[in-house]
Amino acid sequence: MDDRTPRIEDVYGLLLSPDEIAALPEPLGSLYLSLPPMLSAEEIARVNRGTKVQGGEYVYRGLAFAVPPGVLVPGGTSEVIFDALHDGLVETQGASVIVMGCGAGVEPVLARRRGAREIHAMDIHEASVASSLASFERHTGPRDPDRHHFLVSDLFSALPRGARADLIVFNPPANPLRSDDPDLARVNFSGSAIMVRFFDEIASRELLAPGGRVITVLSNASNLQGIVGHALRRGFRPEILRRKTWPAPYDKILTHLLSLTLDAR
Ligand SMILES: C[S@@+](CC[C@H](N)C(=O)[O-])C[C@H]1O[C@@H](n2cnc3c(N)ncnc32)[C@H](O)[C@@H]1O
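The structure displayed is predicted, hence computed values, not measured ones.

## Some thoughts on the overall build of the protein
Next up, step 1: Per the secondary structure count, the protein includes 9 helices and 9 strands.
Next up, step 2: Its C-alpha atoms give the protein principal-axis dimensions of about 50 × 45 × 30 Å.
Next up, step 3: Looking at the protein as a whole, 54% of its 265 residues qualify as buried.
Next up, step 4: Each charge sign in the protein was given a centre, from 28 positive and 32 negative side chains, and these centres are 3 Å apart.

Here you go:
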């Protein structure tokens, strides 16, 4: 990214007002107040220099993924979700799962290996969807076209009407800086706007089945408070499943694995 001219979005529009915070029931008020404020533009630029989109091979717990150029080579943040799927913190047995922004395609492989009933793997980027499908079949066998769907889609736009999921997982490109590189912008630097659309579409299209939840990973290198504030306004109930810290030079980053359910309306 071009960090000579870092531009940070207007974070404050999404933050909850003092009155909105005071009106939150516990434990939601305490959870919201526990979220760290966003790092400075300079710090965010510094910790994002390692984002890789040049392609290569990525290995997760012995499973090799061929990553074409333009597709995110998964990193430590990706692995926060991979590990939760792998170790069963996030259960997929018997579940209908949507993997939003599937990238290199690790999450669909883990979901099928742990018994998902149905999988929609979606990404706005054609090469990400194609490589996800190739890795899925390489590691788990031929897809069942009635149960395993690989869709090029801007968020949920290509999801068939009426589809519902028990689990929606998304490692989002919610970093608030700008990149002039279209691949970096897509995999990392799309700002909070993508999460606003994400939660709005889930709520307005009623994409969660009863008891279903959203799993996402966000840190203080994005507008964590504002994004969670927006989700709260839309009726989601967030819970922090894991907090993760990192060794230097990433030691200012506080990563949160979040689970969000939607109150019945
Ligand atoms: C941070 S990457 C995560 C990739 C992979 N899940 C991982 O964790 O390594 C974000 C992914 O979201 C995809 N993406 C960006 N904007 C999108 C949109 N509007 N709709 C669907 N996918 C999108 C990107 O192409 C990218 O693959």
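## Re the packing of helix α4 (residues 76-86) against helix α5 (residues 106-113)
Next up, step 1: At a minimum axis distance of 9 Å, the contact between α4 and α5 shows a crossing angle of 10 degrees. One finds that α4 runs roughly parallel with respect to α5. Of the residues in α5, those touching α4 at Ile81, Phe82, Leu85 and His86 are Val106, Glu107 and Leu110.
Next up, step 2: Partitioned by chemical class, the residues of the contact of α4 with α5 number 5 nonpolar, 1 polar and 1 charged.

## What about the packing of aromatic side chains?
Next up, step 1: Across all of its chains, the model carries 8 aromatic pairs by this definition.
Next up, step 2: Ring geometry for phenylalanine 156 versus phenylalanine 198: centroids 5.7 Å apart, planes at 20 degrees, classification stacked. You can see phenylalanine 156 sitting in the loop between β5 (148-152) and β6 (165-170) and its partner phenylalanine 198 sitting in helix α8 (residues 193-204), a full 42 residues away along the chain. Each member of the pair, phenylalanine 156 together with phenylalanine 198, is buried.
Next up, step 3: Here the aromatic cluster, defined as three or more aromatic residues joined through ring pairs, consists of Phe156, Phe170, Phe198, Phe199 and Phe236.
Next up, step 4: Its end group placed over the ring of tryptophan 246, lysine 244 keeps NZ or CZ at 4.6 Å from the ring centre.

## Thoughts on the sheet that holds strand β7 (residues 208-219)
Next up, step 1: Read across the open sheet, the 7 strands follow the order β5-β4-β3-β6-β7-β9-β8; overall the sheet is mixed. Every other strand in the sheet has two partners, leaving β5 and β8 (236-245) as the edge strands with one partner each. Pairwise comparison of adjacent strand axes, ignoring direction, gives a mean angle of 15 degrees for this sheet.
Next up, step 2: Packing against the sheet, α4 makes contact with β6, β7, β8 and β9 (254-262), and its axis sits at approximately 145 degrees to β7.

## Digging into the UniProt feature "domain: Methyltransferase small" (unreviewed entry) in the protein
Next up, step 1: UniProt tags residues 89-224 as "domain: Methyltransferase small" (unreviewed entry).
Next up, step 2: Taken end to end, residues 89-224 is 31% helix and 25% strand, and its first and last C-alpha atoms sit 22 Å apart.

## Some details on the pairing of β6
Next up, step 1: Of all 6 residues in β6, 5 are buried; the element is thus mostly enclosed.
Next up, step 2: Where strand β3 (residues 96-100) lies against β6, 4 bridges are found, and the strand directions are parallel. Each bridged residue has a counterpart across the sheet, and for methionine 100 the counterpart in β6 is phenylalanine 170.
Next up, step 3: As paired strands, β6 and β7 are joined by 5 bridges and run parallel to one another. Among the inter-strand pairings, isoleucine 168 is bridged to a residue of β7, identified as valine 214.

Parameters and conventions
- Residues numbered from 1 in each chain as written.
- Predicted model: local features only at pLDDT ≥ 70, side-chain atom pairs only at ≥ 80, totals over all residues.
- Heavy atoms only, no water.
- Helix = DSSP H or I, 4+ residues; strand = E, 2+ residues; numbered from the N terminus.
- Buried < 20%, exposed > 50% of the residue type's maximum accessible area, 1.4 Å probe, protein only.
- Lys, Arg positive; Asp, Glu negative; His and termini not counted.
- Charge placed at Lys NZ, Arg CZ, Asp CG, Glu CD.
- Axes fitted to C-alpha atoms, helices over the stretch in contact; angles between N-to-C directions.
- Parallel < 35°, antiparallel > 145°, perpendicular 65-115°, else oblique.
- Contact = heavy atoms within 4.5 Å.
- Nonpolar A, V, L, I, M, F, W, Y, C, P; charged D, E, K, R; others polar.
- Phe/Tyr/Trp six-rings, centres within 6.5 Å; stacked < 30°, edge-to-face > 60°.
- Lys NZ or Arg CZ within 6 Å of the ring centre and 35° of its normal.
- Pairing = 2+ DSSP bridges.
- UniProt positions renumbered as here; feature names shortened; annotations may be inferred.

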